[in-house]
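For reference, the chains in residue letters:
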Amino acid sequence: MSGFDQNAAAALTSRADAQIWLEAFRDLNRQQWLASHWPDRKTEAWKYTPLTPLAQGDYLRFPTAGKVQIERARYDIPGLDCQRLVFVNGEMMPELCQLSPAREACCVTRFCDADEQQQALITQHLGKIAEATDNPFVALNGSWLEDGVLLQVAADQRIEEPLHIVHMTTPDQQAFSVRQRLLVALDSGAEATVIEHFTSDEARQNSFVTGVSEFKLAAGARLTHYRLHLEEEHNIHIGGVYAQLDRDAHIDSFFLGLGSRLTRLDLRIQHQGAGSHAQLNGIYLSKGTQHIDIHSTVEHEMPQGSTSEVVRGIVDDEAKAVFNGRIHIHPNAQKTLAELSNRNLLLTNTAEVYTKPELEIYADDVRCAHGATVSQIEDLSLYYLQSRGIDRKEAQVMLSFGFINELIGALRHEPLQRLLRPILTQWFGKDSGLTRHLL
Amino acid sequence: MLSIVDLHVRVEGKDILNGLSLEVQAGEVHAIMGPNGSGKSTLGYVLSGREGYEVVSGSATFEGHNLFELDAETRARAGLFLAFQYPVEIPGVSNMEFLKASVDAVREHQGLPPYDAVTFMKLARQQSASVSLPPEFLKRGVNEGFSGGEKKRNEILQMMLLEPKLAILDETDSGLDIDALQVVAEGVNARRSDENAFILVTHYQRLLDYIVPDFVHVLANGRIVKSGGKELALELEEKGYAWLEPEVA
Amino acid sequence: MPDQINAYLDSDYEAGFVTDVEADTLPPGLNEDVIRFISSKKSEPEWLLEWRLKAWRDWLKMDEPRWAHVQHEPIDFNSISYYSSPKSLEDRPKSLDEVDPELLRTYEKLGIPLHEQATLAGVAVDVVFDSVSVATTFKDKLLEAGVLFCPISEAVHLYPELIQKYLGSVVPRRDNFYAALNSAVFSDGSFVYIPKGVRCPMELSTYFRINEANTGQFERTLIIADEDSHVSYLEGCTAPMRDENQLHAAVVELVALKGAQIKYSTVQNWYPGDKNGMGGIYNFVTKRGVCHERAKISWTQVETGSAITWKYPSVILRGDHSVGEFYSVALTNNFQQADTGTKMIHMGKNTRSTIISKGISAGKSQNAYRGLVRMNPRAEGARNYTQCDSLLIGDRCGAHTFPYIESKNASAVVEHEATTSKVSEDQLFLCQQRGIDPEKAVSMIVNGFCKEVFKELPMEFAVEAGKLLEVSLEGAVG
């Protein structure tokens, strides 16, 4: 078989013994996937993102499990006290995991290990936050679902140590698909931190990864969330993060996308209770012939909510970046405050940026604003650095780095800042001389 | 050290400097005064190599180099420093990395090895203390959220670290309270020597109480219309620029 | 919403009346014969008939666009009559005195007495009454300057080489569904040519009116400004009340050759439907200009009418150093829907564009800004600045912003900002407390909100625009 065939994708099933209790869910998603229209240029949400790399790829198989050697440096976040789950090509690596003993306050479990109560919780929320009808790739992810990770935090419990979930790929003989699913359910007043860390070894990758995460935040719950896409550039990733916030809940989410052949990330936050707050920051970087597409949607369904979204992108070489940032204020969502800023640096005349900040507003007593810019580095800043003796090229790199470093500096967990800065520096490092002063 | 001969400069199609000539020798401090719009800031920008300043005719030679053949960073490395009237904010680029990058660049030009990180950090802390800039300002983005006075101190800090031969201070005194003014003056006075020179571009004579110039020049309509000793500044303070009207006109 | 504001909102459409003129109207329906009929009625040359027929064949293969943020029942294109001309015009009036007095009274009721306006404001008025031009004034004065200003149906005969060269050159025959329909059945419209280096001695103006029941209007306007020339063109539209929706699908093409400047101003006050959402005009318009080197095109629009507005006056900045501007006020009330904005396509170096859009939504209306700014790889040093502001009046309306930004040049700078605000009860209370009645207060606030756009309108139009806004706002404010 070659090429990504819609029917074959639906027919592709997991192991025969895969969680019978999820069969109904898979069925529903399979039907939805088959019924959905393969996105093309006329599909508004995919207008600038051709699925050619996926369509032409031969990804319709799941990897054969095999022992792989993974260096700790590929997934470790030095200085971070955390619970850790490590998956390689979708397979959990128990020896690399690091979990606290199960306790009532907080439970981390795989869907396949879920007890009856947990199964009930999973069934209650799974596919209700990220719905199969939202996006064909959510349906595809669901139709392939055999396992996933559940994080459940009981009411009023503050979990200090982050849950660090590493999704790593390593090339297989033949191209393959990897599916991931995460469900986070925070009970009222609960607090937690989740780091979704997509990475790979340095070899040329040949996988299609689909990672879908669903967050349910009950009243007053607080979630700090990081989604890091640090895979080697030959991977394809199509995934999404979907969150529902009840009254006074609070999400602080950050994503970093280091481009690949095709990266598409859908982020959706639904404010379903009054007074909830979302801080959504993100960085995308795209170079070579990479293509990255970020679609974010914020739904304010109830009054007095607030959203602040700051997304920055840098696009180099012949790469493309797409950002679509939608804020939707429902008729009931009076007194909402929502702001979105998307700034882009375009470094060459062969790179392309497509940005569309959208406002759709049905309530009058709201304050909403968005701004988007595409430009190059400001002349005055360049001149200031040059007038201090710094080489123009180096100054350009320093300023580009500064442009995104502002958001890195705002990350709540310092070990993540320390992890990401060298990775970003490397991104600019065509010539190490140009990055020697970064950090 | 610096020799400007009959310099004509145009900005956005407008003639700003109209035949300015000035000689600065090592060891000298020159003050350039003049009314608004006389071309004072343009002088600093054109000498330091800002884009958009078109040299129509005339020359500027610095330490034997034709300045206008060098790009901005090379002029800086050769020892020409401009303290900006409005220092630029660069969020995301920390002051420390900025300072180290520029000091390393200048040292490399002089054939010196870069400082190691620890030594430089020490040096930067020391110097920032000498301009009364608390050490946390080294960690913040360049000038990001600094007050006017803090920005000017940061300029002086850069000057101290880069150790230029010629420093042009563009209205560094404007908007400063008396404490900050003293800090700036101490910085300049500490660097005064037989090898260094300064051009102080200023609107008021106040700064000259603290940094006593060897020469005072009046700039009007893009030319120097009067030169004299430090007394000229006092005279200007007393009478304003109007009495120079014939020359100005 | 306070009661007095509701009362303000409930006022009737002032321009709602029907002129009783005998018309020569084609029965509803669209087929090849209809197109041949239209073409032969106008004694068009063979090439133009062919052009229309090609457009019609293209149109048959096209689908109605569905991406706009508007909702309406499917349009039955066979229930529309594609030709109507007032009968008394078989013999053309030679002067204003010969114009049907009924027609002149129509304009007087609208508060725009033709001759008065013409003389007072020095405006030459080319009146389109349904589909045929009935009067053109100041022709001599314009001819003296070498300016050609006449109905496009005449221009086809008088200046065939200009028409053949430029018709469809900016908006191609099959550009979009409605443009294709227009190309097939266009009735009449204005033609303007300004010769090299000429500054048009007066503002050119046309008032469009849809009059005959169930007649679609398919104007076609073509303005050519030759090198280094300058023209300001005003377009105003009102329509009498009808219960059934009427389709209006106009095409306007502007060509600004090297160094030329075209300023195109529109005040659109077609019938918006009643306060229950019955009736009203469907205004599906394609307006586009092309700028050659150093040329400038400026669109200013005040859109207060129509049940549905679908309109994106655009500029293709083909030449280096050319400039495009779009200033827009779009006001929707009751059940009106507007999806309007602009496209700025930067192709040349150092091209500049400015977009200022002010959307005001009231009642149960939906008002969307949709724009595209595209920086092509060759657009070195190009700049765009866009500011989109929405004002919501009442809590049952919608205000939306869909700006598409596509940049392929590193030295180009695109900046987009959008905000929303409302007329708050605090603001109203403050005004009332200072003795200003709510109607006046709202009108003041809205006028202030629109100031940046109004100042772009020619003087004599700015006054009318303000008045129209006030009338449309009646009852709209909360």
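In this text the structure is predicted, and so the values were computed from the model without any measurement.

### Some details on the interface of chain A and chain C
Then, in step 1: Contact with chain A, which involves 34 residues of that partner, is made by 32 residues of chain C.
Then, in step 2: Counting the surface lost from both chain A and chain C, the interface buries some 2,700 Å², and carbon and sulfur atoms represent 49% of this.
Then, in step 3: It is N349(A), Y362(A) and D364(A) in chain A that bury the most area against chain C; as a group they hold 23% of the surface buried on that side.
Then, in step 4: Inspection of the chain A/chain C interface yields zero salt bridges.
Then, in step 5: Elements with a minimum of two residues in the side of chain A that touches chain C: strand 18 (352-361) and strand 19 (367-375) of chain A.
Then, in step 6: Counting residues per element, the side of chain A that touches chain C draws most heavily on strand 18 of chain A, at ten residues.
Then, in step 7: For the side of chain A that touches chain C, the class distribution of residues is 16 nonpolar, nine polar and nine charged.
Then, in step 8: Two strands pair when backbone bridges link them, and strand 18 of chain A and strand 22 (residues 398-407) of chain C are joined in this way by six bridges, in the antiparallel orientation. Bridge pairing links I361(A) to A399(C) in strand 22 of chain C.

### Brief notes about the interface of chain A and chain B
Then, in step 1: Taken residue by residue, the interface counts 24 residues in chain A and 35 residues in chain B.
Then, in step 2: With both sides pooled, the region where chain A packs onto chain B buries about 2,300 Å², and carbon together with sulfur makes up 57% of that total.
Then, in step 3: Here chain A is connected to chain B by two salt bridges.
Then, in step 4: For the salt bridge of R392(A) with E51(B), the shortest nitrogen-to-oxygen distance reads 3.4 Å.
Then, in step 5: Counting every contact that joins chain A to chain B gives twelve residue pairs in polar contact (both at pLDDT 80 or more).
Then, in step 6: Counting residues per element, the ones that place at least two in the side of chain A that touches chain B are helix 6 (379-386) and helix 7 (392-409) of chain A.

### Digging into the packing of aromatic side chains
Then, in step 1: Applying the stated criterion to the full structure yields 40 aromatic pairs over all chains.
Then, in step 2: Measuring from centroid to centroid gives 5.9 Å for F4(A) and W38(A), while their planes differ by 35°, and the two rings are tilted. Of this pair, F4(A) sits in the segment before helix 1 (6-11) while W38(A) sits in the loop between helix 2 (23-35) and helix 3 (52-55); the two residues are 34 residues apart in sequence, bridging distant segments of the chain.
Then, in step 3: With centroids separated by 5.8 Å and ring planes inclined at 40°, the aromatic side chains of Y282(C) and F284(C) adopt a geometry described as tilted. Grouping residues by exposure puts Y282(C) and F284(C) together as buried.

### What to know about the sheet that holds strand 9 (residues 166-170) of chain B
All names here are of chain B.
Then, in step 1: What the six strands build is an open sheet, ordered 6-9-10-3-11-12; its pairing is mixed. Looking at the sheet topology across the chains shown, the edges are occupied by strand 6 (80-83) and strand 12 (223-228). Direction aside, neighbouring strands of the sheet carry axes that sit 20° apart on average.
Then, in step 2: Sheet strands in contact with helix 1 (residues 40-48) are strand 3 (29-33), strand 6, strand 9, strand 10 (197-202) and strand 11 (215-220), and its direction is about 145° off that of strand 6.
Then, in step 3: Together, strand 3, strand 11 and strand 12 form the strand contacts of helix 9 (residues 230-239), whose direction differs from that of strand 11 by roughly 45°.

### A word on the pairing of strand 14 (residues 291-300) of chain A
On any regular strand, side chains alternate: one points to one face of the sheet, the next to the other face.
Residues and elements named next belong to chain A.
Then, in step 1: Among the ten residues of strand 14, ten are classified as buried, and the element is accordingly described as predominantly covered.
Then, in step 2: Of the two faces of strand 14, the one holding H291, D293, H295, T297 and E299 and the one holding I292, I294, S296, V298 and H300 are both buried throughout.
Then, in step 3: With nine bridges joining them, strand 12 (residues 262-271) and strand 14 adopt parallel strand pairing. Residue pairing for strand 14: D266 is matched across the bridge by H295.
Then, in step 4: As judged from the ten bridges shared by strand 14 and strand 16 (residues 320-329), these two strands associate in the parallel manner.

### A short note on the domain arrangement of chain A
All names here are of chain A.
Then, in step 1: As far as domains go, chain A holds domain 1 (3-273) and domain 2 (379-439).
Then, in step 2: Of the residues lining the interface, 17 residues belong to domain 1; the matching set on domain 2 comes to twelve residues.
Then, in step 3: Looking at the side of domain 1 facing domain 2, the largest losses of area belong to Y226, F254 and L258, adding up to 36% of the total buried there.
Then, in step 4: Linking domain 1 with domain 2 are one salt bridge, by the criterion used here.
Then, in step 5: A salt bridge links D252 to R412, with the shortest nitrogen-to-oxygen separation between them at 2.8 Å.
Then, in step 6: Here domain 1 is connected to domain 2 by four residue pairs in polar contact (both at pLDDT 80 or more).

### Some points on unusual backbone geometry
Then, in step 1: A positive phi angle, near 55°, is found at S132(B), a position not held by glycine.
Then, in step 2: For S132(B), the location among the structural elements is in the loop between helix 4 (117-130) and helix 5 (136-139).
Then, in step 3: Residue S132(B) is classed as partly exposed on the basis of its relative accessible area of 39%.
Then, in step 4: One non-glycine residue, H321(C), lies in the positive phi region at around 60°.

### Topic: the confidence of the model for chain A
Then, in step 1: Across chain A, the average pLDDT comes to 91, with 95% of residues at 70 or higher.
Then, in step 2: Per-element mean pLDDT across chain A ranges from 60 in helix 9 (residues 432-435) of chain A up to 98 in strand 9 (residues 222-229) of chain A.

### A word on the pattern of salt bridges
Then, in step 1: As enumerated under the stated definition, the model contains 51 salt bridges over all chains in all.
Then, in step 2: Residue R72(A) is joined to D76(A) by a salt bridge in which the shortest nitrogen-to-oxygen separation is 3.5 Å.
Then, in step 3: Judged by its relative accessible area of 16%, D76(A) falls in the buried class.
Then, in step 4: A salt bridge links R52(C) to E44(C); the shortest N-O distance between them is 2.7 Å.
Then, in step 5: Residue R52(C) is classed as buried on the basis of its relative accessible area of 0%.
Then, in step 6: Using a relative accessible area of 13% as the deciding quantity, one classes E44(C) as buried.
Then, in step 7: Each member of the salt-bridge network shares a partner with another, and the members are E44(A), R326(A), K356(A), E358(A) and E360(A).

Criteria and thresholds
- Residues numbered from 1 in each chain as written.
- Chains lettered and ligands numbered in written order.
- Predicted model: local features only at pLDDT ≥ 70, side-chain atom pairs only at ≥ 80, totals over all residues.
- Heavy atoms only, no water.
- Contact = heavy atoms within 4.5 Å.
- Buried area = accessible area lost by both parts, 1.4 Å probe.
- Salt bridge = Lys/Arg side-chain N within 4 Å of Asp/Glu carboxyl O.
- Helix = DSSP H or I, 4+ residues; strand = E, 2+ residues; numbered from the N terminus.
- Nonpolar A, V, L, I, M, F, W, Y, C, P; charged D, E, K, R; others polar.
- Pairing = 2+ DSSP bridges.
- Polar contact = N/O pair within 3.5 Å; in protein donor to acceptor, adjacent residues only side chain to side chain.
- Phe/Tyr/Trp six-rings, centres within 6.5 Å; stacked < 30°, edge-to-face > 60°.
- Buried < 20%, exposed > 50% of the residue type's maximum accessible area, 1.4 Å probe, protein only.
- Axes fitted to C-alpha atoms, helices over the stretch in contact; angles between N-to-C directions.
- Domains from an automatic or database assignment.
- pLDDT = per-residue confidence, 0-100.

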